[in-house]
Amino acid sequence: MIVTDAVRSYLAETRPDPDALLAEMQERGARDKVPILDPQAATLLHVLARAIGARRIVEVGTAIGVSTLHLARALPDDGELISFEIDRERHTAAQSYFSRARLAAKVDLRLQDAAEGIAELTGPFDLAFLDGLKAEYTGHLDLIVPLMRPGGLIAVDNVLMSGAVAEGRPIDGWSGDRVATARAFNDHLLSHPDLLGTITPVGDGIALAVRR
Ligand SMILES: C[S@@+](CC[C@H](N)C(=O)[O-])C[C@H]1O[C@@H](n2cnc3c(N)ncnc32)[C@H](O)[C@@H]1O
């Protein structure tokens, strides 16, 4: 738990209900144990994408497309979102949701390892969301920073790992090794010479960093 139970309940009560498609995706995520973004964090990403007028977005870790949907809905008509996923079943599920959402034209879902895929991209991007394998975060960040426009925003999920990262010990299935890796990544992001970053306790911990 990162926030108190009372805060968590209040946030849930004040959140608008998801539309039918998002509700279906969330149910599938829960049923199939797909780790999807916390709703508060997903809304935060949507608001931030709108606030910076994001037109080009890159994402690592589509899963079945929940975070992708929040980001894609923030794009203008001529916007573009490229999202990488290595699990074929999740990638296929996301494709079907995006054709139903009539967003397939804006969303380029790639069944590809993110490090390989990012290396093929041409910037500039306005927003990047990192949510793949936590041990690969540093590599993904280092590939993405040069592709971001000045003022572009990078968001990273699970940087607090249920509070385990702050406590420096395993909690909720986050192992000691993963906690140590997360702490090293957070230090890397916060001290990166090209980024101005901060860590927020939204969802499972979202790091936000703007390219200088
Ligand atoms: C936490 S889930 C993503 C959740 C999604 N962003 C959401 O909030 O709806 C992480 C996903 O990253 C994918 N993944 C892990 N390593 C990857 C890699 N190297 N390249 C692309 N995808 C990867 C996993 O298969 C998994 O579906």
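Anything mentioned here points back to the structure above.
On a predicted model such as this, the values are computed, not experimentally measured, just so you know. (Residues numbered from 1 in each chain as written. Predicted model: local features only at pLDDT ≥ 70, side-chain atom pairs only at ≥ 80, totals over all residues. Heavy atoms only, no water.)

Draft legend 1. Here's a closer look at the packing of helix α2 (residues 20-31) against helix α5 (residues 88-100). Interhelical geometry of α2 versus α5 gives an angle of 170 degrees and a closest axis separation of 11 Å. Between α2 and α5, the angle is such that the two are roughly antiparallel. Facing Leu 21, Glu 24, Met 25 and Arg 28 of α2, the residues of α5 in contact are Ala 93, Tyr 97 and Arg 100. Across the contact of α2 with α5, the residue classes tally to four nonpolar, no polar and three charged. (Axes fitted to C-alpha atoms, helices over the stretch in contact; angles between N-to-C directions. Helix = DSSP H or I, 4+ residues; strand = E, 2+ residues; numbered from the N terminus. Parallel < 35°, antiparallel > 145°, perpendicular 65-115°, else oblique. Contact = heavy atoms within 4.5 Å. Nonpolar A, V, L, I, M, F, W, Y, C, P; charged D, E, K, R; others polar.)

Draft legend 2. Expanded view of the packing of helix α7 (residues 137-144) against helix α9 (residues 176-190). Following both chains from N to C, one finds α7 and α9 inclined at 20 degrees, their axes separated by 10 Å at the closest point. In terms of axis orientation, α7 runs roughly parallel to α9. In terms of crossing hand, the pair formed by α7 and α9 is right-handed. Along the contact surface, α7 presents Tyr 137, Thr 138, Leu 141 and Asp 142, while α9 presents Phe 185, His 188 and Leu 189. The class makeup of the residues in the contact of α7 with α9 is four nonpolar, two polar and one charged. (Left-handed = near helix turned anticlockwise from the far one by under 90°.)

Draft legend 3. α7, seen in detail. Burial in α7 covers these residues: Tyr 137, His 140, Leu 141 and Ile 144. Axial view of α7: buried residues confined to an arc of 100 degrees, hence all on one face. Structurally, α7 contributes buried residues whose contacts are with β1 (56-60), α6 (114-119), β4 (125-130), β5 (148-156), α9 and β6 (195-200). (Buried < 20%, exposed > 50% of the residue type's maximum accessible area, 1.4 Å probe, protein only. Arc of directions from axis to C-beta.)

Draft legend 4. A look at the pattern of salt bridges. In this structure the tally under the stated criterion is 10 salt bridges. Across the pair Glu 167 and Arg 169 runs a salt bridge whose closest N-O atoms are separated by 2.7 Å. Through salt bridges that share partners, Arg 28, Arg 31 and Asp 32 make up one connected network. (Salt bridge = Lys/Arg side-chain N within 4 Å of Asp/Glu carboxyl O.)

Draft legend 5. Main features of the environment of Ser 99. Among the secondary structure elements, Ser 99 is positioned in helix α5. When the C-alpha positions of Ser 99 and Ser 67 are compared, they lie 16 Å apart, and in sequence the two are 32 residues distant.

Draft legend 6. View of the packing of aromatic side chains. Within this structure, the stated rule accounts for one aromatic pair. Summarising the aromatic geometry, the rings of Tyr 137 and Phe 185 are spaced 5.1 Å apart at their centres and angled 55 degrees between planes, so their arrangement reads as tilted. With Tyr 137 in helix α7 and Phe 185 in helix α9, this residue pair connects regions lying 48 residues apart in the sequence. Both residues of the pair, Tyr 137 and Phe 185, count as buried. Residue placement shows Arg 56 over the ring face of Phe 125; its charged tip is 4.1 Å from the ring centre. (Phe/Tyr/Trp six-rings, centres within 6.5 Å; stacked < 30°, edge-to-face > 60°. Lys NZ or Arg CZ within 6 Å of the ring centre and 35° of its normal.)

Draft legend 7. Quick peek at the sheet that holds β6. Spatially, seven strands are ordered β3-β2-β1-β4-β5-β7-β6 in an open sheet, and the strand pairing comes out mixed. The sheet is open, and its two edges are formed by β3 (107-111) and β6, each paired on a single side. Neighbouring strand axes in the sheet, compared pairwise and without regard to direction, differ in orientation by 15 degrees on average. Here five bridges tie β4 to β5, and the two strands are oriented parallel to one another. Note on β5: the bridge partner recorded for Leu 130 is Val 156. Across the face of the sheet, α5 comes into contact with β2 (80-85) and β3 while running at roughly 165 degrees to β3. (Pairing = 2+ DSSP bridges.)

Draft legend 8. Inspection of the site of the ligand at higher detail. Taken together, 21 residues surround the ligand, and among them Gly 61, Ser 67, Glu 85, Arg 90 and Asp 131 come closest. A distance of 3.4 Å is found between a nitrogen atom of the ligand and a backbone nitrogen or oxygen belonging to Ile 86. Isolated, the ligand exposes 610 Å² of accessible area, and the fraction of that covered by the protein chains is 92%. Contributing elements (two or more residues each) for the shell around the ligand: α4 (66-72) and β2. When grouped by side-chain class, the residues that make up the shell around the ligand number nine nonpolar, five polar and seven charged. (Near = heavy atom within 4 Å. Polar contact = N/O pair within 3.5 Å; in protein donor to acceptor, adjacent residues only side chain to side chain. Areas by Shrake-Rupley, 256 points an atom, 1.4 Å probe, with all protein chains shown as cover.)

Draft legend 9. Examining the pairing of β2 more closely. Extensive coverage of β2 is indicated by the burial of five of its six residues. Sheet topology note: the β1/β2 ladder contains five bridges and is parallel. Among the inter-strand pairings, Val 58 is bridged to a residue of β2, identified as Ile 82. Since β1 and β2 lie parallel, the crossover through α4 that links them has a hand, and here it is right-handed. Inspection of the sheet shows β2 paired to β3 by five bridges, in the parallel sense. Across the sheet, Glu 85 pairs through a bridge with Leu 111, a residue of β3. (Right-handed = clockwise from strand over helix to strand, strands pointing away.)

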